[in-house]
Amino acid sequence: MYTTIDHSEEKRKISQITLIETINNWIAKERKNYFGICGMLLIIGTGLASIPVAIATSLQMFILAGVSVVLAMAGNVMVISQQSLKTVVWTFIISMTVNILLMIYLIGINFLSM
């Protein structure tokens with residue numbers, strides 16, 4: 001007499017929520033607040049972009065000032081043309097990431113040049 005042992009294996013789906021999925025889920029959940037979120041991103045994006053522009057202008061690095069202005073205005077164009085909330089939010093995130101990196105770089109150059 002032979003005995004067989006049956007092992008049932010459960011396949012578990014390991015959910016790894018990435019930052020991109022988290023942001024996209026938040027965007028999908030907050031679609032009804034389109035105008036409020038767009039207004040907030042417009043104000044924050046323009047305000048934060050003015051800092052690297054001011055520093056770059058004082059250091060006479062007008063190309064970096066131009067890059068910062070173009071990125072800020074890209075977000076403004078997305079809001080004014082009423083693109084989808086996903087497009088507006090991701091444009092804002094990319095713009096602010098680059099502007100913050102430019103700001104850190106320009107502050108470092110400013111302290112080194114003193």
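Residues numbered from 1 in each chain as written. Predicted model: local features only at pLDDT ≥ 70, side-chain atom pairs only at ≥ 80, totals over all residues. Heavy atoms only, no water.

**What to know about the overall build of the protein chain**
As a reminder of what qualifies: Each helix corresponds to a stretch of at least 4 residues labelled H or I by DSSP, and each strand to a stretch of at least 2 residues labelled E; elements are numbered beginning at the N terminus. For this analysis, residues touch if any pair of their heavy atoms sits within 4.5 Å. Here the Shrake-Rupley method, with its probe set to 1.4 Å, supplies the accessible areas, and only the displayed protein chains count as covering residues.
Scanning the protein chain from N- to C-terminus turns up four helices and zero strands. Across the protein chain, the fraction of contacts at a sequence separation of at least 24, relative to all contacts at a separation of at least 6, is 78%. In the form shown here, the protein chain has an accessible surface area of approximately 8600 Å², with 67% of it arising from carbon and sulfur atoms.

**Considerations on the side chain of Glu30**
This is how the line gets drawn: Each residue's exposure class comes from its accessible area (1.4 Å probe, protein chains only) as a fraction of the maximum for that residue type: buried when under 20%, exposed when over 50%, partly exposed otherwise. Only four residue types enter the tally: Lys and Arg on the positive side, Asp and Glu on the negative side; His and the chain ends are excluded. By salt bridge we mean one thing: a side-chain nitrogen of Lys or Arg within 4 Å of a carboxyl oxygen of Asp or Glu.
You can see Glu30 is positioned in the loop between helix H1 (19-29) and helix H2 (34-58). It turns out Glu30 is buried and unbridged, and the closest side chain with the opposite charge, Lys29, is 4.4 Å from it. Every residue in contact with Glu30, bar those within four places of it in the chain, is listed here: Ile37 and Leu85.

**Section: the environment of Leu48**
Mapped onto the elements of the fold, Leu48 is located in helix H2. Residues Leu48 and Asn99, 51 residues apart in the sequence, show an inter-C-alpha distance of 7.7 Å.

**Thoughts on the nonpolar core**
This is how the line gets drawn: The definition of a nonpolar core used throughout is a set of buried Ala, Val, Leu, Ile, Met, Phe, Trp, Tyr and Cys residues joined through side-chain atoms within 4.5 Å.
In this structure, Ile23, Ile27, Tyr34, Ile37, Cys38, Leu41, Val79, Leu85, Val88, Val89, Phe92 and Met96 together form the largest nonpolar core, which totals twelve residues. Every element with two or more residues in this core is listed here: H1, H2 and helix H4 (85-112). Apart from the residues within four sequence positions on either side, Val89 is in contact with Ile23, Trp26, Ile27, Ile37 and Leu41. Residues Val53, Ala65, Met103 and Leu106 belong to the second largest nonpolar core, which totals six residues.

**Considering the confidence of the model for the protein chain**
When pLDDT is low, close inspection of the predicted coordinates is not appropriate. Cut-off, in case you're wondering: As a per-residue measure, pLDDT tells how confident the predictor is, with possible values from 0 to 100.
Residues with a pLDDT of 70 or more make up 86% of the protein chain, whose mean pLDDT is 87. Predicted confidence in the protein chain is weakest over H1, with a mean pLDDT of 91, and strongest over H4, with 93.

**Observations concerning the packing of H1 against H4**
Working note: a packed helix pair is described by the angle between its axes plus the distance between those axes. What counts, and what does not: Every angle, taken between N-to-C directions, lies between 0 and 180 degrees, and every axis is a line fitted to C-alpha atoms, over only the stretch in contact when it is a helix. Note on angle classes: values under 35 degrees are labelled roughly parallel, values over 145 roughly antiparallel, values of 65 to 115 roughly perpendicular, and the remainder oblique. Handedness of each helix crossing follows the sense of rotation of the near helix against the far helix: counterclockwise by less than a right angle gives left-handed, clockwise gives right-handed. Following the grouping adopted for this structure description, the nonpolar residues are Ala, Val, Leu, Ile, Met, Phe, Trp, Tyr, Cys and Pro, the charged ones are Asp, Glu, Lys and Arg, and the polar ones are all others, Gly among them.
Close contact between H1 and H4 brings their axes to 10 Å; oriented N to C, the two are set at 135°. If you check the angle between H1 and H4, you find them oblique. The element H1 and its partner H4 pack so that their crossing is right-handed. For the pair H1 and H4, contact is made by Ile20, Ile23, Asn24, Trp26 and Ile27 and by Leu85, Lys86, Val89, Trp90 and Ile93, respectively. In terms of residue class, the contact of H1 with H4 is made up of eight nonpolar, one polar and one charged.

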